[in-house]
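Descriptive analysis of the structure
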Amino acid sequence: MISQHEDTRLIVRSPEGEYPIVLGRGLLDRVGSLARELALGERVVIATDTTVQPLYAEQVARSLAAESFVPHIAAMRAGEEHKNWASVQGFVDSFIDAQLDRGGWVLALGGGVVGDTAGFAASIYMRGVPLVQVPTTLLAMADSSIGGKVGIDHARGKNLLGAFKQPRLVVADLDTLHTLPSRELACGMAEIVKAGIIGDPDLFDMIESASPEDLELAGALLRAMRVKRDIVERDPHEAGERALLNLGHTFGHAFEHCTGYARPHGYAVAQGMVVACRLAVNLDLCDPSLEARLRSVLEAWNLPTHWAEPDLTSPEALPSVLSAMQTDKKRLNTRPRLILPRAPGNVIITADIPPESIANALEQTR
Ligand code: NAD
Ligand code: GLY
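Residues numbered from 1 in each chain as written. Chains lettered and ligands numbered in written order. Predicted model: local features only at pLDDT ≥ 70, side-chain atom pairs only at ≥ 80, totals over all residues. Heavy atoms only, no water.

Observations concerning the overall build of the protein chain
Along its length, the protein chain carries 13 helices and 11 strands. For the protein chain, the C-alpha radius of gyration of 20 Å lies close to 21 Å, the compact-globule estimate for 366 residues. Viewed in the frame of its principal axes, the protein chain has a C-alpha envelope of about 60 × 40 × 35 Å. Relative to its 366 residues, the protein chain shows a buried fraction of 58%. (Helix = DSSP H or I, 4+ residues; strand = E, 2+ residues; numbered from the N terminus. Rg over C-alpha atoms; globule rule 2.2 N^0.38 Å. Buried < 20%, exposed > 50% of the residue type's maximum accessible area, 1.4 Å probe, protein only.)

Some remarks on the site of ligand 1
Residues in contact with ligand 1 amount to 28 residues; listed here are only the nearest, Asp-49, Glu-80, Thr-136, Thr-137 and Thr-179. Calculation on ligand 1 without its partners gives an accessible area of 870 Å², and the protein chains cover 90% of this total. Put simply, the parts of the chain that give the shell around ligand 1 at least two residues each are α2 (53-65), α4 (112-124), α5 (138-144), β8 (157-164) and α6 (182-199). Taken together, the residues of the shell around ligand 1 sort by class into eight nonpolar, 10 polar and 10 charged. (Near = heavy atom within 4 Å. Areas by Shrake-Rupley, 256 points an atom, 1.4 Å probe, with all protein chains shown as cover. Nonpolar A, V, L, I, M, F, W, Y, C, P; charged D, E, K, R; others polar.)

Re the environment of Pro-15
Its location among the elements puts Pro-15 in the loop between β1 (8-14) and β2 (17-24). Separated by 218 residues in sequence, Pro-15 and Glu-233 place their C-alpha atoms 8.6 Å apart. Setting aside residues up to four positions removed in sequence, Pro-15 forms contacts with Gln-166, Pro-236 and His-237. (Contact = heavy atoms within 4.5 Å.)

Some details on the site of ligand 2
Taken together, Asp-143, Lys-149, Lys-228, Glu-238, Arg-242, Leu-245 and Asn-246 form the complete shell of residues around ligand 2. Taking Lys-149, its side chain carries an N or O atom lying 2.8 Å from an oxygen atom of ligand 2. Lys-228 has a polar side-chain atom sitting 2.6 Å from an oxygen atom of ligand 2. Of the residues that constitute the shell around ligand 2, the class distribution is one nonpolar, one polar and five charged. (Polar contact = N/O pair within 3.5 Å; in protein donor to acceptor, adjacent residues only side chain to side chain.)

Focus on empty space enclosed by the protein
On inspection of all chains with the given rule, the structure shows two cavities of 30 Å³ or more. Looking at the second largest cavity, the residues that line it are Ala-142, Asp-143, Glu-191, Lys-194, Ala-195, Ala-224, Val-227, Lys-228 and Leu-245. When contributions to the lining of the second largest cavity are tallied by element, the ones reaching two or more residues are α5, α6 and α8 (217-234). (1 Å grid on protein atoms, 1.4 Å probe; cavity = no way out; pocket = protein on both sides within 12 Å on 5 of 7 lines; lining within 4 Å. Points joined across faces, edges and corners; volume = space filled by probe spheres on them.)

Here we look at the sheet that holds β2
Backbone hydrogen bonds hold the strands of a sheet together, and the pairing may be parallel or antiparallel. Strand order in the open sheet made by the seven strands is β1-β2-β9-β6-β5-β3-β4, with mixed pairing throughout. Of all strands in the sheet, those with a lone pairing partner are β1 and β4 (70-76), marking the two edges. Direction aside, neighbouring strands of the sheet carry axes that sit 20° apart on average. In this structure, β1 lies alongside β2, joined through seven bridges in antiparallel fashion. Note that in β2 the partner of Arg-9 across the bridge is Val-22. Packing of α4 onto the sheet brings it into contact with β3 (43-49), β4, β5 (105-110) and β6 (131-135), and relative to β5 it is tilted by some 165°. (Pairing = 2+ DSSP bridges. Axes fitted to C-alpha atoms, helices over the stretch in contact; angles between N-to-C directions.)

Digging into the environment of Ala-66
Looking at where Ala-66 falls in the secondary structure, it is placed in the loop between α2 and β4. Taking relative accessible area as the criterion, Ala-66 reaches 63% and is therefore assigned exposed. Counting along the chain gives 252 residues from Ala-66 to Leu-318, while the straight-line C-alpha distance between them is 54 Å.

Here we look at the layout of surface pockets
Empty space among the atoms becomes visible once a probe the size of a water molecule is rolled across them. Estimates place the volume of the second largest pocket at around 150 Å³. What lines the second largest pocket is simply Ser-182, Arg-183, Leu-185, Ala-186, Pro-212, Glu-213, Ala-300, Trp-301 and Asn-302. It is α6 that provides the largest number of residues to the lining of the second largest pocket, a total of four residues. A per-class count over the lining of the second largest pocket returns five nonpolar, two polar and two charged.

Some points on helix α9 (residues 249-258)
For α9, the buried fraction is high: eight of the 10 residues fall into the buried class. Taken as a whole, α9 has its buried residues at His-249, Thr-250, Phe-251, Gly-252, His-253, Ala-254, Phe-255 and Glu-256. Those residues of α9 that are buried lie in contact with β8, α6, α10 (265-282), α12 (317-325), β10 (338-343) and α13 (355-364). Two residues or fewer past α9, Gly-260 is found with a positive phi of approximately 60°.

Some points on unusual backbone geometry
With an omega dihedral of -5°, the bond running from Glu-309 to Pro-310 counts as a cis peptide bond. By the secondary structure assignment, Pro-310 is in the loop between α11 (288-300) and α12. Positioned with a positive phi, Asn-159 is a non-glycine residue whose angle comes to about 55°. The phi angle at Asn-302 is positive, at roughly 60°, despite the residue not being glycine. As for its placement among the helices and strands, Asn-302 is situated in the loop between α11 and α12.

Next comes the structure, spelled out in structure tokens:
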């Protein structure tokens, strides 16, 4: 259930200054006036993808034009497999075509793929132009639009190229979730469950005790946004604590890479959290009941909990996953840095896990 009748504003403090996250309904029609509150130039590129463009780009353009901005629309091809240099190049070309000078700005309209790719293009164009994030997936609202990480994938590994580019504003319009396919909604829930385990045990309880139909989604989303906001404020550049946000991601990124990015990020995170939990159980770091609770929450949302399904079932899959984990950018020397749960609200970061323990946990959860 998606309610939330009034806007909610969260302020994020970052090294580049404060910015608001505005969460509510009907916000796409008000993007122009929200942007007007900032000192931004008149030229703006609405950077989106080929799925979101026909749904929302004109609506956003009208809202901007009504406030005397001059909007141009540019769309990358939708999908993680296009989170690459070619799409960055396409956005940069559109910035030049739109005559975006250093007073111009970029509005990223879409899911995490658009936010990361367009944000990266904004971070390098003319050494950086302002960025506004308008997330249209649950995942992007809960996670990727907040905190300033932008970037693209490389043939050898996920998110290997990137930058920190703090947005000037994040506008999360709950109405956009009505067009989101249920699979993508579930993917967003994977990151919201993650937020509960990392930093909000009551959020985890809330998700566990409601069916997907009965969960107050806007309330759960807001709690997840707060978890992310609090962590990135304390550790904006991932000197330490921010790595906790990668619970399940070291495994998940390897699953994504080994499937040629056919596996949705949220699915990979769900499966990765289960492996991390099993590893923690095997190491006596956490009670086995947490793995059962995690699986049952994920399954209620139709999220997969066995990582080999459907396309990593061959005998070569396990060695490929272990090898892909070696390119993870969070590794310490040759050992992957893992985030392991002890209990909801209590997670640790370690690079001290023997390779055979990692392989065992993967073998047991395939
Ligand atoms: P996505 O951007 O690929 O969106 C999923 C699909 O939904 C796409 O086909 C998209 O076109 C479509 N879509 C988007 N909004 C829609 C809407 N309102 N209605 C209908 N269709 C819509 O995927 P995602 O799950 O949003 O994001 C995943 C990406 O985010 C990954 O690349 C991941 O690495 C990244 N990420 C980044 C951070 C960060 O901090 N920067 C954090 C988490 C995830
Ligand atoms: N999603 C990981 C981070 O923002 O740090």
